Amino acid sequence: MRVAIETVNLSIYYGQNCVIKNVSLKIPEKVVFAIMGPSGCGKSTLLRSFNRLLELNPNARVEGDVRLYGRSVYDMNPIEVRRKIGMVFQHPNPFPHMSIFDNVALGLKLNGLVKSKKELREIVEWALKRAALWDEVKDRLHEPASALSGGQQQRLCIARALAMKPDVLLMDEPTASLDPVATEKIEDLIYELKEEYTIVIVTHSPAQAARVSNYVAFLYLGELVEVGKTERVFEKPESELTERYLTGRVG
Ligand SMILES: Nc1ncnc2c1ncn2[C@@H]1O[C@H](COP(=O)(O)OP(=O)(O)OP(=O)(O)O)[C@@H](O)[C@H]1O
Ligand SMILES: [Mg+2]
């Protein structure tokens, strides 16, 4: 089993405040890996350190290392890191006035990743199909993204991330603003995507972690309390704190 992302003695500070405490974690490739824990425990902070988005905040400081297939992301160009490790956020954030097509095409154009218009059209179609959105938008590719529903906008953001052919896809509470039907569609999609990608999903819902993930980590007050195969963690948690969280007594 290859490891896609590894953190080594990772600590993260905002000013003097240590919010991720010496976390060492291995995320195998081509699985859905969930990071769960109560509000404020550091899930988003941890996730944003993986693709170096965190350093856009001048107040944040990282100690230790994050590795992508064994290579420190801090030895890589941040633009390259963010291409290899894509991200989908809590609230769908397409460019609302830009067309559906252009939302997916933009990153490819800006990064000079396509040689012709034909190739661009092919990759956009491929990404929209992969994100289970193509059938709903194929006849309206030039309408603005704002014409889509919230769930469709989130799948558009997934298509936009996939178009860059990342190794890893980070998702920070990707269904938090969606209704149950749209949530189920995204969860089904996440489950399928793990055949080709490593997916790291942050959720404050143990039920969602149980539904979509193969591995799960429980984070509490910045500490990694427990990590393992999802079934094992849910059936036989090693830590009492995990058990209390899973039964709704912490959080
Ligand atoms: N930009 C920031 N500046 C200073 N402190 C921050 C910043 N962002 C987060 N924090 C603090 O870091 C800790 C972890 O926050 P983080 O957003 O990573 O938690 P979370 O688990 O994602 O929470 P939620 O489930 O509410 O999204 C919290 O104590 C928070 O107040
Ligand atoms: Mg968060």
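Cut-offs used in this document
What you see as residue numbers is a count from 1 along each chain, following the sequence as written. Chains and ligands are labelled sequentially in the order written, the chains with letters from A and the ligands with numbers from 1. In keeping with the model being predicted, local features are shown solely for residues with a pLDDT of at least 70 and side-chain atom pairs are shown and tallied solely at 80 or more, while totals for entire chains, interfaces and linings include all residues. Each axis is a line fitted through C-alpha atoms, taken for helices only over the stretch in contact, and angles between the N-to-C directions span 0 to 180 degrees. The secondary structure listing takes helices from DSSP runs of H or I that are at least 4 residues long and strands from runs of E that are at least 2 residues long, numbered from the N terminus. An angle below 35 degrees is treated as roughly parallel, one above 145 as roughly antiparallel, one from 65 to 115 as roughly perpendicular, and anything else as oblique. In this scheme the crossing of two helices becomes right-handed for a clockwise turn of the near helix relative to the far one and left-handed for an anticlockwise turn of less than a right angle. Residues are defined as contacting one another if the C-beta atoms placed from their backbone atoms lie within 7 Å. The classification used treats Ala, Val, Leu, Ile, Met, Phe, Trp, Tyr, Cys and Pro as nonpolar, Asp, Glu, Lys and Arg as charged, and all other residues, Gly among them, as polar. By convention here, the C-beta atom is placed from the backbone, and a residue is near a molecule or strand when that atom is within 6 Å of it. DSSP-based pairing: two strands are paired if at least 2 bridges between them are found. Defined on buried residues, the nonpolar core groups Ala, Val, Leu, Ile, Met, Phe, Trp, Tyr and Cys residues joined through C-beta atoms within 7 Å. Think of it as a crowd count around each C-beta: if 20 or more other C-beta atoms lie within 10 Å the residue is buried, if 12 or fewer it is exposed, and in between it is partly exposed, with C-beta placed from the backbone throughout. A helix is expected to span 1.5 Å multiplied by its residue count minus one.

Asks: Explain the packing of helix 6 (residues 150–163) against helix 7 (residues 180–193) here, please?
Replies: Geometrically, a packed helix pair is captured by the angle between its two axes and the distance between the axes. Axis separation between helix 6 and helix 7 bottoms out at 9 Å; the angle between their running directions is 20°. When the interaxial angle is binned, helix 6 and helix 7 end up roughly parallel. As for how helix 6 packs across helix 7, the hand of that crossing is right-handed. Packed against helix 6, whose contacting residues are Gly-150, Gly-151, Gln-154, Arg-155 and Ile-158, the element helix 7 presents Ala-182, Lys-185, Ile-186 and Leu-189 at the interface. Here the residues of the contact of helix 6 with helix 7 sort into four nonpolar, three polar and two charged.

Asks: Help me understand the site of ligand 1, please; the structure alone is not making it clear to me.
Replies: Contacts to ligand 1 come from 13 residues, most closely from Tyr-14, Ser-39, Lys-43, Ser-44 and Thr-45. Classifying every residue of the shell around ligand 1 by side-chain character gives three nonpolar, nine polar and one charged.

Asks: Looking at this model, I keep getting lost on the sheet that holds strand 1 (residues 3–14). Mind explaining?
Replies: Within a beta sheet, neighbouring strands are joined by backbone hydrogen bonds and run either parallel or antiparallel to one another. With respect to topology, four strands assemble into an open sheet ordered 2-1-4-5, the strand pairing being antiparallel. Two strands bound the open sheet, and with one partner strand each, they are strand 2 (17–28) and strand 5 (71–72). Note: strand 1 against strand 2, eight bridges, orientation antiparallel. Across the sheet, residue Leu-10 finds its bridge partner in strand 2, namely Val-23.

Asks: Just checking my understanding: could you explain the nonpolar core for this structure?
Replies: Side chains that are nonpolar tend, in soluble globular proteins, to be buried together. Formed by 68 residues in total, the largest nonpolar core has its most connected members in Ala-159, Ile-199 and Val-200. In terms of residues, this core owes the most to one element, helix 6, which gives seven residues. What Ile-199 contacts, discounting residues up to four positions off in sequence, is Val-32, Phe-33, Leu-169, Met-171, Ile-190, Leu-193 and Lys-194.

Asks: Would you explain the environment of Thr-183 in this entry?
Replies: Positionally, Thr-183 belongs in helix 7. Sequence separation of Thr-183 and Glu-243 is 60 residues, and the distance between their C-alpha atoms is 26 Å. Apart from the residues within four sequence positions on either side, Thr-183 is in contact with Thr-175 and Leu-178.

Asks: Sorry, what's going on with the environment of Arg-52 here?
Replies: Inspection of the secondary structure puts Arg-52 in the loop between helix 1 (43–50) and strand 4 (60–68). It is 9.2 Å that separates the C-alpha atoms of Arg-52 and Val-66, two residues lying 14 residues apart in sequence. Once residues within four sequence positions are removed from consideration, Arg-52 is found in contact with Val-73, Pro-78, Val-81 and Arg-82.

Asks: Is there a simple way to think about helix 4 (residues 117–130) in this case?
Replies: For the α-helix, the turn length of 3.6 residues means that residues three or four positions removed from each other point alike. In this model helix 4 runs 20 Å from its N-terminal to its C-terminal C-alpha over 14 residues, within 8% of the 20 Å that 1.5 Å per residue would give. The elements touched by buried residues of helix 4 are helix 3 (100–110), helix 5 (134–137) and helix 6. Ala-132 sits one or two positions beyond helix 4 and adopts a positive phi of about 55°.

Asks: Hey, could you run me through the packing of helix 3 against helix 6 in this one?
Replies: At a closest axis distance of 8 Å, the pairing of helix 3 and helix 6 adopts a crossing angle of 25°. Regarding the angle of helix 3 to helix 6, the classification is roughly parallel. When the axes of helix 3 and helix 6 are compared, the crossing they make is right-handed. Each of Ile-100, Asn-103, Val-104, Gly-107 and Leu-108 in helix 3 lies in contact with helix 6, whose residues at this interface are Leu-156, Ala-159, Arg-160 and Ala-163.

Asks: I'm lost on the sheet that holds strand 8 (residues 198–203) in this one. Help?
Replies: One open sheet accounts for six strands, arranged 6-7-8-3-9-10; its pairing is mixed. Sheet topology places strand 6 (85–88) and strand 10 (223–229) at the edges, where each strand pairs with a single neighbour. Taken pair by pair, the neighbouring strands of this sheet meet at an average axis angle of 15°, ignoring direction. Looking at chain direction, strand 7 (residues 168–172) and strand 8 are connected through five bridges and run parallel. When the bridges of strand 8 are listed, Leu-169 appears paired with Ile-199. Here helix 6 sits on the sheet and contacts strand 6 and strand 7; the angle it forms with strand 6, its principal contact strand, is near 170°.

Asks: For this particular structure, what's the right way to read the pairing of strand 6?
Replies: Successive side chains on a regular strand alternate, one facing one side of the sheet and the next facing the other. The alternating pattern of strand 6 places Ile-85 and Met-87 and Gly-86 and Val-88 on opposite faces, both of which are buried. Inspection of the sheet shows strand 6 paired to strand 7 by four bridges, in the parallel sense. Following the sheet pairing, Val-88 is matched in strand 7 by Met-171.

Asks: What's the story with helix 3 in this structure? I'm lost.
Replies: Among the residues making up helix 3, those that are buried are Ile-100, Asn-103, Val-104 and Ala-105. Summarising the contacts, the buried residues of helix 3 are in contact with helix 4, helix 5 and helix 6. One or two steps after helix 3, the chain reaches Gly-112, where phi turns positive at roughly 60°.

The values reported here are purely geometric and, on their own, carry no functional implication.
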